[in-house]
Amino acid sequence: MTQTYLTLNNGLKMPQFGLGVYLVPDGKETIEACLNAFKLGVRHIDTAHAYQNERGVGEALKQSGLKREEVWITTKLWPTEYGEGKTLPAIDKMLERLQTDYIDLLLLHQQVGDYIDAWKDMEKAVKLGKVKSIGISNFKENLEDLLANATIKPAAIQVECHPYFPQNELKKRMAEFGTILESWYPIGHGDPKLINEPVFTKLAQKYGKTNVQIILRWHIQKGYSVFPKTTNPDHMRENFDIFDFELSAEDMAEIAKLNNGKRYFTDTLEQQQRFASWKPED
Ligand SMILES: NC(=O)c1ccc[n+]([C@@H]2O[C@H](COP(=O)([O-])OP(=O)(O)OC[C@H]3O[C@@H](n4cnc5c(N)ncnc54)[C@H](OP(=O)(O)O)[C@@H]3O)[C@@H](O)[C@H]2O)c1
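Every value quoted in this text rests on a predicted model; they were computed, and no experiment measured them.

Rules and cut-offs
- Residues numbered from 1 in each chain as written.
- Predicted model: local features only at pLDDT ≥ 70, side-chain atom pairs only at ≥ 80, totals over all residues.
- Heavy atoms only, no water.
- Helix = DSSP H or I, 4+ residues; strand = E, 2+ residues; numbered from the N terminus.
- Near = heavy atom within 4 Å.
- Polar contact = N/O pair within 3.5 Å; in protein donor to acceptor, adjacent residues only side chain to side chain.
- Areas by Shrake-Rupley, 256 points an atom, 1.4 Å probe, with all protein chains shown as cover.
- Nonpolar A, V, L, I, M, F, W, Y, C, P; charged D, E, K, R; others polar.
- Pairing = 2+ DSSP bridges.

1. A closer look at unusual backbone geometry
The phi angle at Leu 23 is positive, at roughly 70°, despite the residue not being glycine. Phi at Gln 52 takes a positive value of approximately 60°, unusual for a residue other than glycine. Along the polypeptide, Gln 52 turns up in the loop between β4 (44-46) and α2 (54-64).

2. A word on the site of the ligand
Neighbouring the ligand are 27 residues, the closest being Asp 46, Lys 229, Thr 230, His 235 and Asn 239. Between the ligand and Tyr 51, the relevant distance is 3.3 Å, taken from a nitrogen atom to a side-chain nitrogen or oxygen of the residue. The contact in question runs from an oxygen atom of the ligand to an N or O atom on the side chain of Asn 138, over 2.8 Å. Expressed as a share of its isolated accessible area of 900 Å², the protein-covered part of the ligand is 86%. Among the elements that line the shell around the ligand, the one with the most residues is helix α10 (residues 233-240), at three residues. In the shell around the ligand, the residues fall into ten nonpolar, 13 polar and four charged.

3. Considering the sheet that holds strand β9 (residues 180-184)
With parallel pairing, eight strands are arranged side by side in an open sheet as β3-β4-β5-β6-β7-β8-β9-β10. Strands at the two margins of the open sheet, each flanked by one partner only, are β3 (19-20) and β10 (225-226). Sheet topology note: the strand β8 (residues 156-160)/β9 ladder contains five bridges and is parallel. Bridge pairing in β9 places Glu 160 opposite Trp 184.

Here you go:
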């Protein structure tokens, strides 16, 4: 079995599995992590301006020798970059940092600030060919406002999602727009309690896989995009090796019982507003 793709609401096909680089220092570490992933066949990197490692991602892309169209790059705008006439220049700076002439998927990182005007500029960037697909991240209270004002409906929404918090309601809500869900903290940010849940241990034995592989396979079968972060080459190999087995409907139903509403990160509107005053370096 080979890796799977999700078809977005604009017809583009995105590799469903990727590498997330949140908290990976820019430079050598980001370059090495991306190059390791590329060597295994991973073709999707999830970064953000706020992670301050877009340069490393761009450098890895260049060093890999892969053609630009072989790799999917997602990045995210920070609220200090939101605004009509402000967001387009911010996108140009992203392109420079990533050493590319287009971004595959560009997200609004947070639901605060002038997100409506930022979206207008993102729509312009799509028309200009600087961005292929646009989406949102962490939108909750302001989701309906964004949807009502968006001419191009979001291709993706990236949110905290794992078996403790499977985002079933949001998935249903977004189906109308063909918006796919992307899972952040897919293995609970590495939480041993989640990883060692007895149901995962049982299924790992059944399929000859690891507990983490069972969790990642659950995301794939839910139809979510998943990009666990790792800088450990062994973990990277393990995480990507999830396309040669399938969880049964009964297994999926058993995992569904873990849904307890637990979130690792409570991002209230007030907290997002506080974040938004921090300005990432160019
Ligand atoms: N939009 C947003 O606001 C937002 C927020 C958070 C995250 N994200 C995105 O989602 C990505 C994933 O989230 P995350 O990095 O925070 O959490 P995560 O992927 O759930 O967990 C990462 C942790 O798990 C460990 N790990 C990875 N593979 C493992 C394995 N096979 N066995 C055991 N441990 C393993 C990693 O350590 P090692 O490096 O040692 O393997 C790391 O400590 C981020 O990198 C980022 O791209 C987006």
